[in-house]
Amino acid sequence: MKTLFLLALFAPALGAFSSPALAQNGSKILVAYFSWSGNSAALAEQVIAATGADRFEIKTVAPYPNTYDECIDVAKKEQNDNARPAILGGLTDVGRYDVIILCYPNWWGTMPMGVFTFLESYDFSGKTIYPVVTHGGSRFGSSLADIKRLCPNAVVGDGVEVSAFDRNPSNPPTVKTPNSAVTKWLGKLGLNG
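As a starting point, this report considers the structure included with it. Predicted model only: the values in this text are computed from it and were never measured.

Turning to the overall build of the protein chain, a few remarks are in order. Along the protein chain, the regular secondary structure elements total 7 helices and 6 strands. From first element to last, N terminus to C terminus, the protein chain shows the α and β order α-α-β-α-β-α-β-α-β-α-β-β-α. By the burial criterion, 50% of the 193 residues in the protein chain qualify as buried. Of the contacts made within the protein chain by residues no fewer than 6 positions apart, 86% connect residues no fewer than 24 positions apart. Entry remark: accessible area of the protein chain is about 8700 Å², with carbon and sulfur atoms responsible for 52%.

On inspection of all chains with the given rule, the structure shows 6 salt bridges. The salt bridge partner of Lys28 is Asp54, with a shortest N-O separation of 3.4 Å. One end of the pair, Lys28, is in the loop between helix H2 (20–24) and strand E1 (29–33); the other, Asp54, is in strand E2 (residues 54–57), and 26 residues separate them in sequence. Linking Lys77 and Asp81 is a salt bridge whose minimum nitrogen-to-oxygen distance equals 2.6 Å. Each of the salt bridges in this network shares a partner with another, and the network as a whole consists of Lys28, Asp54 and Arg96.

Here we come to the nonpolar core. As a rule of thumb, nonpolar side chains are buried together in soluble globular proteins. Ranked by internal contacts, the top residues of the largest apolar core, which has 35 residues, are Ile58, Leu102, Met111, Phe118, Leu119 and Phe124. For this core, the secondary-structure elements that each account for two or more residues are E1, helix H4 (68–80), strand E3 (99–105), helix H5 (113–120), strand E4 (128–134) and helix H6 (143–150). Per-element tally for this core: the top contributor is H5, with 5 residues. Among residues more than four places away in sequence, those in contact with Ile58 are Ala32, Tyr33, Phe34, Ile87, Leu102, Gly114, Val115 and Phe118. Counting 15 residues, the second-largest nonpolar core is a separate cluster that includes Ile29, Ala53, Val99 and Tyr130.

As paired strands, E1 and E2 are joined by 4 bridges and run parallel to one another. For Ala32, the partnering residue across the bridge sits in E2 and is Phe56. On the question of chirality, the crossover connecting E1 to the parallel E2 by way of helix H3 (residues 39–51) is right-handed.

Looking now at the pairing of E1. Burial analysis of E1 places 5 of its 5 residues in the buried class, the great majority of the element. Burial along E1 is two-sided: the face carrying Ile29, Val31 and Tyr33 and the face carrying Leu30 and Ala32 are both buried. Pairing of E1 with E3 involves 5 bridges; the strand directions are parallel. Pairing of Tyr33 across the sheet is with Cys103, part of E3.

The rules behind each value
Residues numbered from 1 in each chain as written. Predicted model: local features only at pLDDT ≥ 70, side-chain atom pairs only at ≥ 80, totals over all residues. Heavy atoms only, no water. Helix = DSSP H or I, 4+ residues; strand = E, 2+ residues; numbered from the N terminus. Buried < 20%, exposed > 50% of the residue type's maximum accessible area, 1.4 Å probe, protein only. Contact = heavy atoms within 4.5 Å. Areas by Shrake-Rupley, 256 points an atom, 1.4 Å probe, with all protein chains shown as cover. Salt bridge = Lys/Arg side-chain N within 4 Å of Asp/Glu carboxyl O. Core = buried A, V, L, I, M, F, W, Y, C linked by side-chain atoms within 4.5 Å. Pairing = 2+ DSSP bridges. Right-handed = clockwise from strand over helix to strand, strands pointing away.

What follows is the structure, encoded as structure tokens:
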């Protein structure tokens, strides 16, 4: 089980994005991301660079352990306890954003619990949320259903995912950026400048 979690923790994946019409009509885009290993952050940075979106890093007040085994143990305990770890900082005006790109790793079959905290902290009614997930074979897991449950008045757009097997062979696995799948996807949407 820990091997599967390792793949889910480090593997790169992508989520769907705003449409070209949204980007061209002046709608504001926010990229909110949680990253332990740096993979989700690297994908978020690529999307931000291509779109000019604003950023918000979802960071827990109590940091996760630096070692993999300890981190996955903490993550599993949080999930079993249905915990909502406190997060640092906050958005002053989520209302100004029309599109939220949510980047996160798949931990134990869904999002890290700090992402649950983030989604429950704001009213995303009327917004479109596009998930970007990094995974090691479990793809979105239950995270899409969880986002829909946590944000019932938002639209959850199609997401894109890239498995660990599409990454650079490294230990720990590291996302190669720019990620070609992200570049292709942004081009299809007309968002790559």
